[in-house]
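# Per-entry structural report
Take a look at the letters that make up each chain.
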Amino acid sequence: MDGGCERFDPGDGALALYAQAFVAEAPAWFAALMAEVRWEQHWLSLFGRRIAAPRLSAWYAEPGCSYRYSGLSLAAQPFTPVLAQIRACTEALAGHGFNSVLLNLYRDGADGMSWHSDDEPELGPAPLIASVSLGATRRLLLRRRDAHDARLGLDLGDGSLLLMEPPLQCYWQHSVPKTRRAVGPRINLTWRRILTR
Ligand SMILES: [Mn+2]
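Position numbers for residues start from 1 in each chain and track the written sequence from start to end. Residues qualify for local features only when their pLDDT is at least 70, as the model is predicted, and side-chain atom pairs are given and counted only at 80 or more; totals for whole chains, interfaces and linings, by contrast, use all residues.

### So, the sheet that holds strand β8 (residues 113-116)
- When DSSP finds two or more bridges between a pair of strands, those strands are recorded as paired. Labels follow the DSSP assignment, with helices taken as runs of H or I lasting at least four residues and strands as runs of E lasting at least two, numbered in each case from the N terminus. A sheet is described by the order of its strands in space; here four strands give the open sequence β8-β13-β10-β11, paired in antiparallel fashion. A strand with exactly one partner marks an edge of an open sheet, and here the two such strands are β8 and β11 (147-156). In this sheet, neighbouring strand axes are inclined to one another by 15° on average, regardless of whether the strands run parallel or antiparallel.
- As paired elements, β8 and strand β13 (residues 172-176) share two bridges and run antiparallel to each other. Every axis in this analysis is a line fitted to C-alpha atoms, fitted for helices over the stretch in contact. Angles between the N-to-C directions lie between 0 and 180 degrees.

### A few points about unusual backbone geometry
- With an omega of 0°, the peptide bond between proline 166 and proline 167 qualifies as cis.
- Secondary-structure assignment places proline 167 in the loop between β12 (160-164) and α3 (168-171).
- Of note in the backbone geometry, aspartate 12 takes a positive phi value of approximately 55° without being a glycine.
- By secondary structure assignment, the location of aspartate 12 is in the loop between β1 (6-8) and β2 (15-18).
- Exposure classes come from backbone-placed C-beta atoms, where a residue is buried if 20 or more other C-beta atoms lie within 10 Å of its own, exposed if 12 or fewer do, and partly exposed in between. Here aspartate 12 falls in the partly exposed class, since 15 other C-beta atoms lie within 10 Å of it.

### Thoughts on the sheet that holds strand β14 (residues 186-192)
- Read across the open sheet, the eight strands follow the order β1-β2-β12-β9-β14-β7-β4-β3; overall the sheet is antiparallel. Both outer strands of the open sheet, β1 and β3 (40-46), are each paired with one neighbouring strand and no more. Neighbour-to-neighbour, the strand axes of the sheet open up by a mean angle of 25°, direction not taken into account.
- Bridge count between strand β9 (residues 129-135) and β14: six bridges; the pairing is antiparallel. Counterpart to serine 133 in the pairing with β14 is asparagine 188.
- The strands that helix α1 (residues 26-36) touches are β9 and β14; relative to β9, the one it contacts most, it runs at about 90°. Any residue pair is listed as a contact if its two C-beta atoms, each placed from the backbone, are within 7 Å.

Purely geometric numbers; function is a separate question.
Take a look at the structure:
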């Protein structure tokens, strides 16, 4: 594990990028997740139409965590061995505990994620989100909620860890734009701490 960290402080929340955090483990983690994860096609509701989300997703958590995402109640699956290992490594570097993870598989450049914040009520008012990237490099864009031309772009490469520190989710949105470039598959894991009763 390499502790080299680049910090970004755009105001109202900061980001810490550990570009080389899990470079050594990344190929084995990617292969294990491709094989073990129950990838699901999620459906989004857009202007009354049901459209396929441009990515595959999965939700894993400790028992007792429930989560609503884009209006869907996702059933939590228990962590697989590789997810338990990734969680332990992420917690060690983040200095923070997580009890759930949302996985997204961007199969190629036609997959992406539109503008949003990780601000579901289950996460509490000031969540720390830890984002692990495996596979192809994709660009994460950030923009202020109240000033869309204030932007920041970060390339998230294989084996990187990005910490999004509070109160970033209150003031900033992020997206993963689609690209016409030929890019291979990327797995992104966003580790969260759900507040349980
Ligand atoms: Mn997000």
